[in-house]
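# Working through the structure, step by step
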Amino acid sequence: MTKVVIVDDAGQVVSRVISYTGAEHRHLANKVMEEALAQANVPFADLTYIVATGYGRLNVPFADRQITELTCHARGVFSFCPTVKTAIDIGGQDAKGMKISNGRLLDFVMNDKCAAGTGRFLEVIAETLGFTLDDLGEVSLKSTQKISISSICTVFAQQEVVSRLSEGIAVSDIVAGIHDAIASRVARMVQRLKVEPEVVFTGGVARNIGVVKALEDNLGMKVFIPGNPSLTGALGAALLGKELVHKAAARGEILPTKERRLGEATFFQTVGNQ
Amino acid sequence: MAVAVSKGLARVKEIYQDRPRRVKELKAQGKKVIGYQCVYPTLEMLTAFDLVPYRILGDMQEPITKADACLPTVVCPFIRSCLDLGLKGRYDFLDGVVFSHVCDVGEKTAHIWRIYLSPAYCHFIDVPHTTHKAALEQLKEQLKEFRKTLEELTGKKLNEAKFREAIEAHNRQRALVQALYELRKPDPPLITGTETIQVLMALMSLPVEEGTQLLEEVLAEVKERKPPAKKMARVLLWGSIIDNVALVEMIESLDANIVIDDTCVGTRAYFGHVARTDDPLDGLVDYYLVQIKCPRTFRETNTGALKKDYYTDLENRFGYLKEYAEQWHANGVILQSMKYCDIHGYEVPSMKDYLDHVGLPNVYLEHDYNKSALAPLRTRVQAFLEVIG
C-alpha cells in the first residue's frame, strides 16, 4: 500500500490517502499525491518539504529526503502516545519492533525475509478459508478452543489449516490459532528488545482484533492501537519533515527541495501512453 | 617489448576484477600455485617451499548451480559458492589445495573437494579449537605433518633459512597492512572500506613479495591523494567473511565510513605478528591459534574455575573490539553474518550484550551472500545511522 499524509505547520493532519501500490511505484506516487493535494485543497507548490519512507522511498521522484520507516514509525507513534517505549508494527510484508524514547528510535528488530509473521500470512490463510482479511478478527472471537499451528512456514501452515478443516475443527478455533501463531512469532522477535510499556501496535494487521488479543496474551501486557494504524509511518514522515524545516528555519536556513512537478516518470513503458 | 604495468590502487582494482590472472602467469613460468581456504593454513610454509599461496574465495555474483548437488543448501553460502566455483572449473589452475578445520562446513567441504575435484595435492590441517597448552602442541604436530607432505610434493627438504625468511616476509606484509589501517584513523579516513577490501583481496592473490611491493605503492599513493568525503558515522564492521565490495559499498554509499573491521579479509588475517622462536613452529602456532581472533576458536577466562563472571568473560573475549573502536574512533558497530554461519551466529547475543555494556551502539545484519538481496539490509543500516546520528 502507498500512503500520503500532509500536515500543516502545527502538525495537524490535513490530508490522508491510502492506495494499492502495484508494480509502478513512481507512477503511483504521483497519483496518490494528486489525490492528497485535492483532499487538502492545496497546490503542489505549497508543500514545504516532502519526506519519503518505506520500501519505495527511493522511488518517489519528488521527495526531498528519504528517512527509513523505522525512524518514521517511531515518530508517528510518539505523536499520539508520548509515553510509548515499545512499538510493534505488522504490515503486509514485514514486521518490526522498535524501542522508543521521547519519539526517538533507540533500537529495532525486523523480519522482512519471510512471510510468516506478517500480514501476507493472514492474507493467504483468509483466502484458504474463504474470508476477507477484515472478517478474520471477528471470526476468531467466537473461538472456544483455539488450536495450535505448529508450522512456521506460511505454505506449510496453510496445509496445516486445510488438514485441520478436514478433521472437522471449528473455523473460529483455526483462525484463533492462526492469530496466535503470528502473534507469538512477532512477540518472540520483539522480546529481543526487552519489551516495556507503553506498547503501541500499528500496521494494517493491528486492525485485526484477534491478533491484538493474541499479542497481548503473548506479551503479557496491554497494547494500544492508534485510530489509523496503517498511516503511522506516513504520519511520522510528515512530522519529521515539518521538524526538519522548523529546525532549519531556527538556524536561518531554507532546506533545498526538489521541483514540485508531478512528472510522467514511470518505471515501465506503458503501451499506448502518449 | 615492455608492457606498461599499472601500479598501486589501479593495479589493485585490476587484480580484484580478475584475481587469478597473475598467478596464472607465474604458473606459466613454472611456479606452483596452492589454493588455501580460510586464514588458518600456514602461508609461511608454502612460501618457504617456493609455492604461491592463493586464497580460495567465493563469488557472490555467481548463482550457485552445481554445488547443491553435493552439499546441503542449509549450510554456509560462502563455502557453497567456493565449491561451486571449483566444480565449474574456476580453480582448475591450482596445483593443490590446503584446507583446515575452521568450522564443520569447511571440514566436510575438504572431503567433497577431494572427491569431486581430485586435486593433485590436497592436505587438511586439523586446527584445534581452543588455546589450551595441549591444543598448541597438537597444532605443532599438525604443522610437522603439513611440512612432510610439502616435502613430498616438492621433492625437497624444508630449508630452515628460507623458512625464517618466509616468516619475516609475511610479517613485513602484515606490518604494512597495519600501517595502511593507520591511515583509516584520521577523520575522514584516507582510504575507504571498499578500497581496503580490494587491497587485501589482491594481497591474497599474489606471492608475498609481490603483494608487499604493491602494498608499498598503495601506501605511498593513499598518503599523497586527497582524502575521501567526511561522513557522520565511523563504523567498526564485525563478522563472517566479506569477499566482495557490495556490502561495504552499500554501507559507504550512506552517511558512514567503515574505519576498522574484525573480519577475515581484514584485520583477522593481518593484525598479528609471528614471534621469532628457537623452533619457528612455536611462533607460528602462537600466531595462528592464539593471535587470530576468529569465533571458531573457543576462548574463556579462568579455565577450570567453577564460577565465571559474565562480563569478565565477555571482556576477555571481545575486549579487543572496544580497543579497535577507541583507537579508530568508531561511533557504531555493524555486526554481520551470512545465513547459516553457526560460529558467528552463536557469538552475536553475547557480543551485543558486551557492546551494549561498554556503550557502543550496534546493529546486527544477517545476509545470504547475495548481491541482489542488499535492499533490506540498506534499510537496517540507514535506520541504524538515524539512531546514532
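This structure is a prediction, so every number in the text was calculated from the model and none was measured.

### Comments concerning the overall build of chain A
- Scanning chain A from terminus to terminus reveals eight helices and nine strands.
- Relative to a compact globule of 274 residues, whose C-alpha radius of gyration would be 19 Å, chain A shows 20 Å and is just as compact.
- For chain A, the spread of C-alpha atoms along the principal axes amounts to about 65 × 50 × 30 Å.
- Counting the 274 residues in chain A, one finds 50% classified as buried.

### Observations regarding the interface of chain A and chain B
- Facing 16 residues of chain A, the contacting portion of chain B comprises twelve residues.
- Approximately 1200 Å² of surface area, both sides summed, lies buried where chain A meets chain B, with 47% of it carried by carbon and sulfur atoms.
- Contact with chain B buries surface across chain A, with A:Arg57, A:Phe108 and A:Lys113 losing the most and accounting together for 35% of the total.
- Scanning the region where chain A abuts chain B turns up zero salt bridges.
- There are seven residue pairs in polar contact (both at pLDDT 80 or more) connecting chain A and chain B.

### What about the packing of helix 4 (residues 77–87) of chain B against helix 5 (residues 104–117) of chain B?
Residues and elements named next belong to chain B.
- It is at 11 Å that the axes of helix 4 and helix 5 come closest, and there the two elements cross at 10°. On the basis of their axis angle, the class for helix 4 and helix 5 is roughly parallel. Here Ile79, Cys82, Leu83, Gly86 and Leu87 of helix 4 come into contact with helix 5, specifically with Val105, Gly106, Thr109, Ile112, Trp113, Tyr116 and Leu117.
- Per-class residue counts for the contact of helix 4 with helix 5 are nine nonpolar, three polar and no charged.

### Let's talk about the sheet that holds strand 8 (residues 362–367) of chain B
Residues and elements named next belong to chain B.
- The four strands are arranged 6-5-7-8 in an open sheet whose pairing can be described as parallel. Of all strands in the sheet, those bounded by a partner on one side alone are strand 6 (256–262) and strand 8. Shown here is a sheet whose adjacent strand axes are inclined to one another by a mean of 30°, direction ignored.
- As paired elements, strand 7 (residues 332–338) and strand 8 share six bridges and run parallel to each other.

### Examining the domain arrangement of chain A
Residues and elements named next belong to chain A.
- Segmenting chain A into domains produces domain 1 (2–71 + 232–250) and domain 2 (82–225).
- For domain 1 versus domain 2, the separation of C-alpha centres amounts to 28 Å.
- Roughly 640 Å² is buried in total at the junction of domain 1 and domain 2, and carbon and sulfur atoms are behind 66% of that figure.
- Summed over the three residues of domain 1 that lose the most area to domain 2, namely Tyr55, Glu69 and Leu70, the buried surface amounts to 80% of that side.
- One can count zero salt bridges joining domain 1 with domain 2.

### Here we look at a nonpolar patch on the surface
All names here are of chain A.
- The grouping of Met1, Ile18 and Tyr20 at the surface amounts to a nonpolar patch, some 370 Å² of accessible area in total.
- Assignment of secondary structure puts tyrosine 20 in the loop between strand 2 (13–19) and helix 1 (25–40).
- Since its relative accessible area comes to 69%, tyrosine 20 is described here as exposed.

### Re the side chain of B:Asp243
Residues and elements named next belong to chain B.
- Among the secondary structure elements, aspartate 243 is positioned in the loop between strand 5 (233–239) and helix 10 (246–252).
- With no salt bridge to any partner, buried aspartate 243 finds its closest opposite charge in arginine 19, at an N-O distance of 6.7 Å.
- One polar contact links the side chain of aspartate 243 to the main-chain amide nitrogen of glycine 58, over a distance of 2.9 Å.
- A distance of 2.9 Å separates a polar atom in the side chain of aspartate 243 from a polar atom in the side chain of tyrosine 369.
- Beyond its immediate sequence surroundings of up to four residues, aspartate 243 is in contact with Leu57, Gly58, Phe78, Met201, Val265 and Tyr369.

### Points about the nonpolar core
- Counting residues in each nonpolar core, the largest one holds 149 residues, and the members touching the most others are B:Met45, B:Phe78, B:Tyr91, B:Val199, B:Ile251 and B:Ile334.
- B:Ile334 has contacts with B:Val235, B:Leu236, B:Leu237, B:Trp238, B:Ile251, B:Val363, B:Leu365, B:Val381 and B:Phe384, leaving out every residue within four places of it along the chain.
- Within the second largest apolar cluster, 37 residues are counted, among which are A:Ile90, A:Leu122, A:Val186 and A:Met189.

### Details of the confidence of the model for chain A
- With 95% of its residues at a pLDDT of 70 or more, chain A has an overall mean of 88.
- Here residues 266–274 of chain A scores under 50 on pLDDT; set against residues more than four positions off or in separate chains, the count is eight contacts.

### Thoughts on the state of the cysteines
Residues and elements named next belong to chain B.
- Under the defined criterion, the tally for this structure stands at zero disulfides over all chains.
- Here cysteine 76 stays free of any disulfide, with the sulfur of cysteine 341 as its closest cysteine sulfur at 6.1 Å.
- Considering cysteine sulfurs only, cysteine 76 is the nearest to cysteine 82, which forms no disulfide, with 7.6 Å between them.
- For cysteine 82, a relative accessible area of 1% translates into the label buried.

### Observations regarding helix 3 (residues 119–129) of chain A
- Among all positions in helix 3 of chain A, only A:Gly119, A:Phe121, A:Leu122, A:Val124, A:Ile125, A:Ala126 and A:Leu129 are buried.
- Looking one or two residues beyond helix 3 of chain A, the residue adopting positive phi is A:Gly130, at roughly 80°.

Quick notes on the rules
- Residues numbered from 1 in each chain as written.
- Chains lettered and ligands numbered in written order.
- Predicted model: local features only at pLDDT ≥ 70, side-chain atom pairs only at ≥ 80, totals over all residues.
- Heavy atoms only, no water.
- Helix = DSSP H or I, 4+ residues; strand = E, 2+ residues; numbered from the N terminus.
- Rg over C-alpha atoms; globule rule 2.2 N^0.38 Å.
- Buried < 20%, exposed > 50% of the residue type's maximum accessible area, 1.4 Å probe, protein only.
- Contact = heavy atoms within 4.5 Å.
- Buried area = accessible area lost by both parts, 1.4 Å probe.
- Salt bridge = Lys/Arg side-chain N within 4 Å of Asp/Glu carboxyl O.
- Polar contact = N/O pair within 3.5 Å; in protein donor to acceptor, adjacent residues only side chain to side chain.
- Axes fitted to C-alpha atoms, helices over the stretch in contact; angles between N-to-C directions.
- Parallel < 35°, antiparallel > 145°, perpendicular 65-115°, else oblique.
- Nonpolar A, V, L, I, M, F, W, Y, C, P; charged D, E, K, R; others polar.
- Pairing = 2+ DSSP bridges.
- Domains from an automatic or database assignment.
- Patch = residues over 30% accessible without salt bridge, like charges linked within 9 Å, V, L, I, M, F, W, Y side chains within 5 Å.
- Areas by Shrake-Rupley, 256 points an atom, 1.4 Å probe, with all protein chains shown as cover.
- Lys, Arg positive; Asp, Glu negative; His and termini not counted.
- Core = buried A, V, L, I, M, F, W, Y, C linked by side-chain atoms within 4.5 Å.
- pLDDT = per-residue confidence, 0-100.
- Disulfide = S-S within 2.5 Å.

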